[in-house]
Amino acid sequence: MRMATPRRYLMCPPAHFRVSYTINPWMDPSKPVDPVLALFQWEELRDRYRALGHTVEILDPLAGLPDMVFAANGATVVDGRVLGARFANPERSGEAPAHLAWFRANGFAEVRDPVHINEAEGDFAVTASWILAGQGFRSSPLSHGEAQEFFGRPVIGLELVDPHYYHLDTALAVLDGARDEVMYYPGAFSPGSRAVLARLFPDALLATAEDAAVLGLNAVSDGRNVLLPHNAAGLRAALAERGFDPVPVDLSELHKAGGSVKCCTMELRAG
Ligand code: ARG
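Just so it is clear, the model here is predicted, and its values are computed rather than measured. (Residues numbered from 1 in each chain as written. Predicted model: local features only at pLDDT ≥ 70, side-chain atom pairs only at ≥ 80, totals over all residues. Heavy atoms only, no water.)

### A short note on the side chain of Asn24
With respect to the helices, strands and loops of the structure, Asn24 is situated in the loop between strand S1 (8-11) and helix H1 (35-51). In terms of polar contacts, Asn24 uses its side chain to reach the backbone amide nitrogen of Trp26, at 2.8 Å. Excluding its chain neighbours within four sequence positions, the residues that come into contact with Asn24 are Arg138, Tyr166, Ala257 and Gly258. (Helix = DSSP H or I, 4+ residues; strand = E, 2+ residues; numbered from the N terminus. Polar contact = N/O pair within 3.5 Å; in protein donor to acceptor, adjacent residues only side chain to side chain. Contact = heavy atoms within 4.5 Å.)

Below is the structure:
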């Protein structure tokens, strides 16, 4: 029997969302994006969380930062401690101070402005025992030591090798934080990192290339309900078989920027 636990999330509406530059292979500025549909789809995701009993806090979007809807990249919060982000690309660097300001204004006492480049929950995944940390495209491996020292949790570096899966959260999702249960796409990782994942998570759900390509791993689980892109058919079936409730969400417009459910969702983990 799978148990959901109530979560607190931070999200940022796609009020200024567009695809106006290319910093990952999904982004094609010549392809049209429907901003009205993007906002509608995002609101559906927000309302789903609330209907499931979760709390959703809202970060005000800023003009000129079209990727700010991907709130997961703005900070990592573990045990109530906040490690800010430092973006790899100048197009997104303005998002980091906006996040820091939100945390400082909302009662978070321990907020660290990081020294090393890290794109927050884009590359950090929190399980019961570890923090998994992606590297290769965005976050610096130096950020792993910084996160380990700041959170006091062991950080396990994982090498990403496919530019389509440029953030860890495009290739791996935590399903049950209490049991160290994850799903991932092996093809996104180096051979050594695949061996590490197999050792840490021998019972992991392994995704196919097809499910990874619809960003099916960019999912959010509360321990029971797993919100994921609607077209990840294989994962939906495999999750149901494991006793989870897959909750399909259509974020077609945000997909054009290389993001989906998890990218829009930062988890505020209390102390
Ligand atoms: N266009 C954004 C970028 O390339 C998408 C970020 C997606 N966020 C995520 N957590 N994977 O930075």
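### Observations concerning the site of the ligand
Taken together, 16 residues lie near the ligand, and Asn24, Arg92, His167, Asp169 and Cys263 sit nearest. Contact distances for the ligand include 2.9 Å between a nitrogen atom and a side-chain N or O atom of Asp67. Between the ligand and His167 there is a distance of 2.8 Å, counted from a nitrogen atom to a side-chain nitrogen or oxygen. Within the complex, 100% of the 350 Å² of free accessible area of the ligand lies under protein. (Near = heavy atom within 4 Å. Areas by Shrake-Rupley, 256 points an atom, 1.4 Å probe, with all protein chains shown as cover.)

### A few points about the packing of aromatic side chains
Under the criterion given, the structure shown has ten aromatic pairs. When the ring of Tyr165 is compared with that of Tyr185, the centres are 5.6 Å apart and the planes differ by 70 degrees; the resulting orientation is edge-to-face. Taken as a pair, Tyr165 in the loop between strand S8 (155-159) and strand S9 (172-176) and Tyr185 in the loop between strand S10 (181-184) and helix H4 (191-200) lie far apart in primary sequence, 20 residues in all. Among the aromatic residues, ring-to-ring pairing joins Trp26, Tyr165 and Tyr185 into one connected group. (Phe/Tyr/Trp six-rings, centres within 6.5 Å; stacked < 30°, edge-to-face > 60°.)

### A look at the environment of Thr76
Turning to its location among the elements, Thr76 is positioned in strand S3 (residues 75-78). By relative accessible area, Thr76 is classed as buried at 0%. In this structure the C-alpha to C-alpha distance between Thr76 and Asp180, which are 104 residues apart in sequence, comes to 18 Å. With residues near it in sequence (within four places) discarded, Thr76 still touches Arg81, Val82, Leu83, Ala120, Glu121, Phe124 and Phe151. (Buried < 20%, exposed > 50% of the residue type's maximum accessible area, 1.4 Å probe, protein only.)

### Notes on the pattern of salt bridges
Under the criterion given, the structure shown has 18 salt bridges. Here Arg8 makes a salt bridge to Glu57, at a shortest N to O gap of 2.9 Å. Of this pair, Arg8 sits in strand S1 while Glu57 is found in strand S2 (residues 55-58), placing the two residues 49 residues apart along the sequence. The partly exposed category is assigned to Arg8, whose relative accessible area is 31%. A residue is classified by how much of its surface remains accessible, and Glu57, at 22% relative accessible area, is partly exposed. Linking Arg242 and Glu181 is a salt bridge whose minimum nitrogen-to-oxygen distance equals 3.3 Å. Of this pair, Arg242 sits in the loop between helix H6 (233-241) and strand S14 (245-249) while Glu181 sits in strand S10, and the two are 61 residues apart along the sequence. Arg242 gets classed as partly exposed once you look at its relative accessible area, which sits at 30%. According to the relative accessible area criterion, Glu181 is buried, its value standing at 10%. (Salt bridge = Lys/Arg side-chain N within 4 Å of Asp/Glu carboxyl O.)

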